[in-house]
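Notes for the structure review
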Amino acid sequence: MRTIMGKDPAPEKPIVAAIGDFDGVHMGHRALLSSLSDMADTVFEKEEVRPLRTVLTFDPHPRKLLGDTDLKQIYSLDGKRELMEESGRVDQMIVMPFTGQLMHMAPKDFFEKILIRQLGCRGVVVGDNFHFGDKGAGSAEDLSAMCQKAGIGSVIVPRVVMDQSPVSSTRIRELLENGQVAEADRLLGRPYFIEGTVQQGKHLGRRLHTPTINVPLDPACLIPRKGVYATLVKADGIWYDSISNVGNNPTFGGEATRLETFLFDFKGDLYGKQVRVELLSFVRPERRFEGAPALEEQLQTDIQYVRRFLKEYGGHHEEVWCK
């Protein structure tokens, strides 16, 4: 899957486009991607060239230009790209800069100048709460009417409802910030993960007989609730059972918030390597202990609990989660 960055992307082939921010690529977004793939098949039945299944998204997040400067996203652009690629339903992602000019563009101009003339869309997929143009004046129904007039396809996808409430990025952010990762994972359609390059730490874990890998947190993305989690780690293509802590080591004086992970039954060196840490269950909040012995005792209790949890969880189900 390719990613096109820039102000004036010019796809080489006709496209059908799903439009939105896609933060989290959650179950609601996956419904859009499914409709996008179906639309590409429908258009291909009528035309000789198969259109590229395209996600049109924006950077920075539109809410930031609308005043929500403190917004933290679930995943970075790289994270979203990986999830779309893993879905098998997207051929390319176009990242369009969300500028003041674009924000104040009239809905009709956005449709005609961007979707039709610039991108050459053969069809458009949006959610039923989609709005576009200056002050969000254009609705999903307005876009559908414009598509019909232009002779191209359109699909409005109803919001996915789980536990009697619509699935949304905002709802998932709140769950993660409260440590409710199991609930967030259900809405995401797969485990929430943090990715990064393993860095050198202070080797405090070795003093506690639990050597950890240290992964810095992306300042543009949200930080889940500080505490201990049952996790799985993908390193060098292999999945490992693990236990992780999101926090700043208050027992040893505190430092920048980061992710520390102890991989069970692992021997090796991961410094400088990219890893993915999937958070499956919140174990307990981070807290300050009186000293290293008390912390080590609690860690051994946590590890025993997480081992039991992961045994019941049954390992990683990548082939199920990713679609």
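Residues numbered from 1 in each chain as written. Predicted model: local features only at pLDDT ≥ 70, side-chain atom pairs only at ≥ 80, totals over all residues. Heavy atoms only, no water.

A separate point is the packing of helix H7 (residues 169-177) against helix H8 (residues 181-188). In contact at an axis separation of 8 Å, H7 and H8 are set at 155° when each is read in the N-to-C sense. Relative to H8, the element H7 lies roughly antiparallel. Judged by the twist between their axes, the crossing of H7 over H8 is left-handed. Contact residues: Arg171, Ile172, Leu175 and Leu176 in H7; Val181, Glu183, Ala184, Leu187 and Leu188 in H8. Class assignment of the residues belonging to the contact of H7 with H8 gives a composition of 7 nonpolar, no polar and 2 charged. (Axes fitted to C-alpha atoms, helices over the stretch in contact; angles between N-to-C directions. Helix = DSSP H or I, 4+ residues; strand = E, 2+ residues; numbered from the N terminus. Parallel < 35°, antiparallel > 145°, perpendicular 65-115°, else oblique. Left-handed = near helix turned anticlockwise from the far one by under 90°. Contact = heavy atoms within 4.5 Å. Nonpolar A, V, L, I, M, F, W, Y, C, P; charged D, E, K, R; others polar.)

The omega angle of the peptide bond from Asp59 to Pro60 is 0°, so this bond is cis rather than trans. Secondary-structure assignment places Pro60 in the loop between strand E3 (52-59) and helix H2 (62-65). Even without a glycine there, the phi angle at Val25 is positive, about 45°. Locating Val25 in the fold gives a position in the loop between strand E2 (15-19) and helix H1 (27-46).

On to the confidence of the model for the chain. Scored by pLDDT, the chain has a mean of 89; 91% of the residues are at 70 or more. Note that residues 319-323 has pLDDT below 50 and, in this model, 14 contacts with residues that lie over four places away or in other chains. (pLDDT = per-residue confidence, 0-100.)

Any two side chains of opposite charge can pair, so long as their charged atoms come close to each other. Tallied over the full model, the rule gives 17 salt bridges. Put simply, Glu82 and Arg276 hold a salt bridge, and the shortest N to O gap is 2.8 Å. Taken together, the residues Glu82 in helix H3 (residues 77-87) and Arg276 in strand E16 (residues 274-285) connect sequence positions 194 residues apart. Salt bridges linked by common partners bring Glu82, Glu86, Arg190, Glu195, Arg276 and Glu278 together as one network. (Salt bridge = Lys/Arg side-chain N within 4 Å of Asp/Glu carboxyl O.)

With the rule as written, the count across this model stands at 9 aromatic pairs. Residues Tyr75 and Phe193 carry aromatic rings whose centres are separated by 4.5 Å and whose planes lie at 25° to one another, so their mutual orientation is stacked. Here Phe193 lies in strand E11 (residues 192-197) and Tyr75 lies in the loop between H2 and H3, a separation of 118 residues in the sequence. The rings of Tyr75, Tyr192 and Phe193 are connected pair by pair, giving a single aromatic cluster. Directly above the ring of Phe193 sits Arg276, whose terminal nitrogen or CZ lies 3.9 Å from the centroid. Over the ring of Phe264 we find Arg307, and its NZ or CZ is 4.3 Å from the ring centre. (Phe/Tyr/Trp six-rings, centres within 6.5 Å; stacked < 30°, edge-to-face > 60°. Lys NZ or Arg CZ within 6 Å of the ring centre and 35° of its normal.)

All right, on to helix H5 (residues 107-118) then. Within H5 the residues assigned to the buried category are Pro107, Phe110, Phe111, Ile114 and Leu115. The buried residues of H5 occupy one face: seen down the axis, they fall within an arc of 115°. Residues of H5 that are exposed and point over 90 degrees away from its buried face: Lys108 and Arg117. Backbone geometry just downstream of H5 places Gly120 in the positive-phi region, at approximately 65°. (Buried < 20%, exposed > 50% of the residue type's maximum accessible area, 1.4 Å probe, protein only. Arc of directions from axis to C-beta.)

Next up on the list: the sheet that holds E11. Here we have 6 strands laid out as an open sheet, ordered E11-E16-E13-E14-E15-E12, and antiparallel in their pairing. Whereas interior strands pair on both sides, the edge strands pair on one side only; in this sheet they are E11 and strand E12 (213-216). Pairwise comparison of adjacent strand axes, ignoring direction, gives a mean angle of 35° for this sheet. Sheet topology places strand E13 (residues 227-235) next to E16; 9 bridges connect them, and they run antiparallel. If you follow Ala230 over to E16, its bridge partner there is Ser281. (Pairing = 2+ DSSP bridges.)

Here H5 crosses helix H6 (residues 140-150) at 50°, and the two axes come no closer than 11 Å. Judged on the interaxial angle alone, H6 and H5 are oblique. As H5 runs across H6, the sense of the crossing is right-handed. Note on element contacts: H6 touches H5 through Leu143, Met146, Cys147 and Ala150, opposite Pro107, Lys108, Phe111 and Leu115. Considering only residue class, the contact of H5 with H6 consists of 7 nonpolar, no polar and 1 charged.

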